[in-house]
Amino acid sequence: MCLTIPYKVVDISDKITLEIKGEKKIAQGSLISVKQGDFVLLQNGVIIKKISRSDAEEITSLISHYYKKKEGK
Amino acid sequence: MKDREKGTKMAALFSLGCSELSDENDDIILSFLKNSSENEAEAREGIIKKHSTFFQFISVIGKYANLDPFHYKVVSAYFIGDKILENIPSSASKELAEKLCKKNKIPILSNKFKLMHNFYVFCVSPYAKEKQLFLSSMDLCRISTGRIVSIHREESFYIADVIYRPLVYRAGIIELGEEKKESMIYEKEIVGEVKKGQVVAMHWKRVLKVINLFEEKNINYYTKEALSCI
């Protein structure tokens, strides 16, 4: 299943820093311009799309539901 | 390159879209794509573990085409579409569709289901449960076609600007909208040289393959068929 985790942009001062559940990650680049607070999707470290907060929540919920099922939880 | 190795390469390349849900198989798949065919069997194993649904599709296609599931013709039929899909009994396609619908709690919508990736995305994937909500994810997840209008280099990768038709939701129907320009990741190391004017297949905002007219027609035909099923 093609699922990509939504990240939140937390810092753009030097490199673009992203966060999910407290875990931080530096984006390798971006196809679009982003600002602090945006929710984004990544492709191998590259930001490919900006999404709304509600879309990010829906996708996160879909992912956790899907993986719980896959793991038989 | 042998047909099975070519098919494994295509499967690895078209599987890249899921790699943000990274696991230990990603490195194996990427290394296979970037380097040699030395770890071909290992890459195949990684793809099967990471994308078990995809493997179910190519197993059925391969069975009815009398070919190995990783044969290039089989993998290409799944991602791009091919007449070999038409030789699969509808009962076999329906059986797999029903299994996935049950798993993802989606009502079966059509008997016209074909074992091609875009049918999977629109009809039986977890996105299919709430299509309008996940429209942009479905647009990223489907295999789409587009024409390259420019290529430029960013810090560590190339960007290809491509004209393509995104999915749109109009009057309760999901269809292909008007042409628009979008930037896509283009990894020269993996995809090879692409030029302005060429038509390419894309997945998750990534240019995957320069396609010929026949392949373009197939992707667009199966995309429209899949959209007509929902």
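Reading the values: the criteria
- Residues numbered from 1 in each chain as written.
- Chains lettered and ligands numbered in written order.
- Predicted model: local features only at pLDDT ≥ 70, side-chain atom pairs only at ≥ 80, totals over all residues.
- Heavy atoms only, no water.
- Helix = DSSP H or I, 4+ residues; strand = E, 2+ residues; numbered from the N terminus.
- Expected span 1.5 Å × (residues − 1).
- Buried < 20%, exposed > 50% of the residue type's maximum accessible area, 1.4 Å probe, protein only.
- Arc of directions from axis to C-beta.
- Polar contact = N/O pair within 3.5 Å; in protein donor to acceptor, adjacent residues only side chain to side chain.
- Axes fitted to C-alpha atoms, helices over the stretch in contact; angles between N-to-C directions.
- Parallel < 35°, antiparallel > 145°, perpendicular 65-115°, else oblique.
- Contact = heavy atoms within 4.5 Å.
- Nonpolar A, V, L, I, M, F, W, Y, C, P; charged D, E, K, R; others polar.
- Buried area = accessible area lost by both parts, 1.4 Å probe.
- Salt bridge = Lys/Arg side-chain N within 4 Å of Asp/Glu carboxyl O.
- Phe/Tyr/Trp six-rings, centres within 6.5 Å; stacked < 30°, edge-to-face > 60°.
- Lys NZ or Arg CZ within 6 Å of the ring centre and 35° of its normal.
- Pairing = 2+ DSSP bridges.

Caption draft 1: Quick look at helix 10 (residues 213-228) of chain B. Residue and element names in this part refer to chain B. The end-to-end C-alpha distance of helix 10, which contains 16 residues, comes to 22 Å, matching closely the 22 Å that a straight helix rising 1.5 Å per residue would cover. Among all positions in helix 10, only Glu 215, Glu 216, Asn 218, Ile 219, Tyr 222, Thr 223, Ala 226 and Leu 227 are buried. Buried residues in helix 10, looked at end-on, bunch into an arc of 160°, giving them a common side. In helix 10, the exposed positions angled more than 90 degrees off the buried face are occupied by Leu 213, Phe 214 and Lys 217. N-cap assignment for helix 10: the residue whose side-chain oxygen lies 3.1 Å from the backbone N of Phe 214 is Asn 212.

Caption draft 2: A look at the packing of helix 1 (residues 3-14) of chain B against helix 5 (residues 72-79) of chain B. Residue and element names in this part refer to chain B. Packing of helix 1 against helix 5 leaves a shortest axis separation of 7 Å and a crossing angle of 30°. By the angle between their axes, helix 1 is roughly parallel relative to helix 5. Contacts between helix 1 and helix 5 involve Asp 3, Lys 6, Gly 7, Met 10, Ala 11 and Phe 14 from the former and Tyr 72, Val 75, Ser 76 and Phe 79 from the latter. Among the residues making up the contact of helix 1 with helix 5, the classes are represented as 6 nonpolar, 2 polar and 2 charged.

Caption draft 3: Spatial organisation of the interface of chain B and chain A. Counting residues at the interface gives 34 residues for chain B and 28 residues for chain A. Here chain B packs against chain A, burying approximately 2,700 Å² in sum over the two surfaces, 60% of which is carbon and sulfur. Counting across the chain B and chain A interface gives 0 salt bridges. The interface formed by chain B and chain A holds 1 residue pair in polar contact (both at pLDDT 80 or more) in total. Counting residues per element, the ones that place at least two in the side of chain B that touches chain A are helix 3 (40-50), helix 4 (52-65), helix 6 (90-104), helix 7 (117-124), helix 8 (135-141) and strand 5 (180-186) of chain B.

Caption draft 4: The packing of aromatic side chains, seen in detail. Residues and elements named next belong to chain B. Summed over the entire model, instances satisfying the criterion amount to 13 aromatic pairs over all chains. Taken together, a centroid distance of 4.9 Å and an interplanar angle of 80° make the contact between Tyr 221 and Tyr 222 edge-to-face. On the basis of relative accessible area, Tyr 221 is assigned to the partly exposed category, the value being 40%. By relative accessible area, Tyr 222 is classed as buried at 2%. One Lys or Arg, Lys 6, reaches over the ring of Tyr 72 and ends 4.1 Å from the middle of that ring.

Caption draft 5: Structural context of the pairing of strand 1 (residues 144-153) of chain B. All names here are of chain B. Two elements, strand 1 and strand 6 (residues 199-203), share 4 bridges in a ladder whose sense is antiparallel. Pairing of Gly 146 across the sheet is with Val 200, part of strand 6. Relative to strand 2 (residues 158-164), strand 1 is paired through 7 bridges, and the arrangement is antiparallel. For Ser 150, the partnering residue across the bridge sits in strand 2 and is Asp 161. Linking two consecutive strands that pair antiparallel, namely strand 1 and strand 2, is a turn of 4 residues.

In short, geometric facts, not functional conclusions.
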